[in-house]
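Overview (structure and organization)
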Amino acid sequence: MHLTSLCLLLTLMGLCWCLDNGLVRTPPMGWMTWQRYRCNIDCKSDPDNCISENLIKIMADEMADSGWRDLGYVYVCIDDCWSQKQRDSNGRLQPDPERFPSGMKALADYVHAKGLKLGIYSDMGNYTCGGYPGTTLDTIKTDAETFASWEVDMLKFDGCYSNSTEKALGYPKMSEALNATGRPILYSCSWPAYEGGLPPKVNYTQLGSICNMWRNYDDIDDSWDSVLDIIEWYAKNQDVLQPAAGPGRWNDPDMLITGDFGLSYEQSKSQLAIWAILAAPLIMSNDLRAISQDAKDLLQNRLLIYINQDSLGKQGSLISRIGNLEVWKRELINGQYALAVLNKGTDGLPRPYSTNLGLLNVTQCTDGYKLYNVFEKEYLGMFTSSTPIIIRVNPTGVIFLFLRPVSYIP
Ligand SMILES: *[C@@H]1O[C@H](CO)[C@@H](O)[C@H](O)[C@H]1NC(C)=O
Ligand SMILES: *[C@@H]1O[C@H](CO)[C@@H](O)[C@H](O)[C@H]1NC(C)=O
Ligand SMILES: *[C@@H]1O[C@H](CO)[C@@H](O)[C@H](O)[C@H]1NC(C)=O
Ligand SMILES: *[C@@H]1O[C@H](CO)[C@@H](O)[C@H](O)[C@H]1NC(C)=O
Ligand SMILES: *[C@@H]1O[C@H](CO)[C@@H](O)[C@H](O)[C@H]1NC(C)=O
């Protein structure tokens, strides 16, 4: 009870040391072109998969019609390679006229009419990573105004082709320029990833006050190695990263690759569980037209989304490691918890693990907790601090548990 009132008090006090644009009080959810579609501009021979308004509209249709939007996946984001190779005569960025013949404003209107939001991409530097015109210090204001005039809802601001001095000037300047447009635009900064992601080169206090989310580390690739490398980096640096996150300001371990080619079913669960524990943005990059039912069920798991979207906004962390088994824990609002037991091993035997809530320091509620297996969608019963929890975790897989106090009052 007193835990509930403490949380309520914190909520009422509206504590926020974050970019004050009112956006993403919980991690953003959506879809983005990059990981799956890259810089495919070949609409002649690959019309269904090239970066174009056609692709964005198709994904927006899927998101509205196949249950994604209603679960919270609302941002439809264009990454690199959307623009012309030259700015127009007024110095403004313009979309490629063959691939975006209706223009960006019309595309934003289309996306908005579906109850979705449109994301766009630019790059602090001379060129984008794909070689398109970049946003230099002298074009920041123009570009912010251009994006706002198109009624864009999110900007991913990359960092190729600039040095550290220019980034240190440009990222705060773009934040101010977006604010000055008067349009709330989710601001995603790639800045820290270009500076190694750690202090002293990265100042997370400053980032939290100018950006809504930021990429800390390397780009994700379509493989388990890549996912595991990212998970390990977040674990290793969690003392720095965990306090940086909160409502309105999120660490971004990069896109979800569930539904693509590189992950097994078990590995997809592992990425999703750890991203939910990390309070990470859930931005898919996949083909929603052709996604398997298994992948869709994982991405649309309501309890997983509930955990990810927890309004306390506290990033979880790795709390113990026994050989290849890792236990990750996230504290949720009103005394609830999420626990992920990850088996990084590749030896075939599902690894047994025994524990109890006392050992995991989940003891506030002395009446005990109701336990749920998130992916199996199964209620496991009531557990006190000494009730044995015995599980088996598949190789490169995870058991993802949700804990709710028996005396829970929403
Ligand atoms: C960007 O362009 C300027 C002006 O041409 C040049 O001086 C600078 O070295 C370039 N920066 C990078 C990182 O390429
Ligand atoms: C960074 O780039 C700017 C503009 O191109 C240049 O004036 C400055 O000397 C560069 N700084 C460093 C540390 O390379
Ligand atoms: C701009 O910043 C001010 C002060 O932080 C804030 O109150 C306002 O909501 C911001 N506006 C937008 C559009 O982000
Ligand atoms: C980090 O940024 C904050 C806010 O901008 C500032 O007050 C603080 O001095 C900076 N810390 C360091 C170590 O530069
Ligand atoms: C539980 O808390 C104790 C005391 O604070 C600490 O020593 C121990 O490492 C914690 N265990 C876990 C799994 O978090």
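Residue indices follow the written sequence of each chain, beginning from 1 at its first position. A letter from A marks each chain and a number from 1 marks each ligand, given out in the order of writing. Owing to the predicted nature of the model, reporting of local features is limited to residues with pLDDT of at least 70; listing and counting of side-chain atom pairs is limited to 80 or more, with chain, interface and lining totals taken over all residues.

Turning our attention to the overall build of the protein. To qualify as a helix, a DSSP run of H or I must reach at least 4 residues; to qualify as a strand, a run of E must reach at least 2; elements of each kind are numbered from the N terminus. The helix and strand tally for the protein stands at 14 helices and 16 strands. We compute the radius of gyration from the C-alpha atoms alone; for a globule the expected value is 2.2 Å times N to the 0.38, where N is the number of residues. The globule rule puts the C-alpha radius of gyration for 410 residues at 22 Å, and the 21 Å found for the protein is close to it. With the C-alpha coordinates of the protein rotated into their principal frame, the extents come out at 70 × 45 × 40 Å. Counting other C-beta atoms within 10 Å of each residue's C-beta, where C-beta atoms are placed from the backbone, gives the exposure class: buried for 20 or more, exposed for 12 or fewer, partly exposed between. Looking at the protein residue by residue over its 410 residues, the buried ones come to 47%.

Turning next to the site of ligand 5. We call a residue near a molecule or strand if the C-beta atom, set from the backbone, is within 6 Å of it. Taken together, the neighbourhood of ligand 5 is formed by Ile319, Ser320, Leu360 and Asn361. Here the shell around ligand 5 is built from residues that sort into 2 nonpolar, 2 polar and no charged. Polarity classes work like this: nonpolar for Ala, Val, Leu, Ile, Met, Phe, Trp, Tyr, Cys and Pro, charged for Asp, Glu, Lys and Arg, and polar for all others, with Gly in that last group.

Another point: the packing of helix α3 (residues 53-65) against helix α5 (residues 104-113). Where α3 meets α5, the axes come as close as 10 Å, and the angle between the chain directions of the two elements is 10°. Viewed along their axes, α3 and α5 adopt a mutual orientation that is roughly parallel. Facing Glu53, Ile56, Lys57 and Ala60 of α3, the residues of α5 in contact are Leu107, Tyr110 and Val111. Its residues assigned to classes, the contact of α3 with α5 comprises 5 nonpolar, no polar and 2 charged. Angular values range over 0 to 180 degrees, each being the angle between N-to-C directions of two axes fitted as lines to C-alpha atoms, with helices fitted over their stretch in contact. Angle categories are assigned with fixed cut-offs, so that under 35 degrees is roughly parallel, over 145 is roughly antiparallel, 65 to 115 is roughly perpendicular, and the rest are oblique. Residues are treated as contacting if the C-beta atoms built from their backbones sit within 7 Å of each other.

Let us look at the sheet that holds strand β11 (residues 337-343). Pairing between two strands is assigned when DSSP locates at least 2 bridges connecting them. Reading across the sheet, the 6 strands line up as β9-β10-β11-β16-β13-β14 and stay open at both edges, with antiparallel pairing between neighbours. Strands at the two margins of the open sheet, each flanked by one partner only, are β9 (317-322) and β14 (378-383). In this sheet, adjacent strand axes meet at a mean angle of 20° when their direction is disregarded. Packed on one face of the sheet, helix α12 (residues 265-277) meets β10 (325-331), β11 and β16 (398-405) and runs near 140° to β11.

This next bit is on the sheet that holds strand β5 (residues 186-189). Reading across from one edge, β7-β6-β5-β4-β3-β2-β1-β8 is the order of the 8 strands in this open sheet, with parallel pairing throughout. Only two strands of the sheet have a single neighbouring strand rather than two, namely β7 (250-252) and β8 (282-284). Strand-to-strand, the axes of this sheet are offset by a mean angle of 25°, without reference to chain direction. Relative to β7, strand β6 (residues 213-215) runs parallel, the two being bridged by 3 bridges. Counterpart to Met213 in the pairing with β7 is Trp250.

Our focus in this paragraph is α5. Structural remark: α-helix, 3.6 residues per turn; residues separated by three or four positions point the same way. Taken as a whole, α5 has its buried residues at Met104, Leu107, Ala108 and Val111. Down the axis of α5, the sector holding all buried residues measures 100°, keeping them to one side. Looking at the packing, one finds that the buried side of α5 touches α3, β2 (75-77) and β3 (117-123). Here, the arc refers to the directions that run from the helix axis to the C-beta atoms.

Further remarks concern the pairing of β14. The pairing of strand β13 (residues 369-373) with β14 spans 5 bridges and is classified as antiparallel. What sits directly across from Leu371, in β14, is Gly381. The loop that links β13 with its antiparallel partner β14 comprises 4 residues; one of these, Lys377, has a positive phi angle of about 55°.

Quick look at the nonpolar core now. We define the nonpolar core as any set of buried residues of the types Ala, Val, Leu, Ile, Met, Phe, Trp, Tyr and Cys, connected via C-beta atoms lying within 7 Å of each other. Within the largest apolar cluster, 116 residues are counted, with the highest numbers of intra-cluster contacts made by Trp31, Val76, Ala338 and Ala340. Domain start and stop positions are those given by an automatic or database domain assignment. A domain-level breakdown of this core finds at least three residues from each of domain 1 (18-308) and domain 2 (317-405). Among residues more than four places away in sequence, those in contact with Ala338 are Ala276, Ile277, Ile307, Gly316, Arg330, Leu332, Leu401 and Phe402.

On to the pairing of β16. Counting buried positions along β16 gives 7 out of 8 residues, so the element sits mostly inside the fold. Of the strand pairs in this sheet, β13 and β16 are connected by 5 bridges, and their pairing is antiparallel. Along β16, the bridge assignment pairs Lys370 with Arg404.

With that settled, the discussion passes to the domain arrangement of the protein. Domain boundaries in the protein define domain 1 (18-308) and domain 2 (317-405). Inter-centroid distance (C-alpha atoms) of domain 1 to domain 2 is 31 Å. Broken down by secondary-structure element, the contributors of at least two residues to the side of domain 1 that touches domain 2 are α10 (224-236), α12 and α14 (302-308). Sort the elements by how many residues they give to the side of domain 1 that touches domain 2 and α12 lands first, with 8 residues. When grouped by side-chain class, the residues that make up the side of domain 1 that touches domain 2 number 10 nonpolar, 6 polar and 2 charged.

Residues given the UniProt feature "domain: Alpha galactosidase A C-terminal" (unreviewed entry) here are residues 313-397. Spanning residues 313-397, this segment combines 0% helix with 48% strand, and its end C-alpha atoms are found 25 Å apart. UniProt positions are given in the numbering used here, feature names are shortened, and annotations may be inferred rather than shown by experiment.

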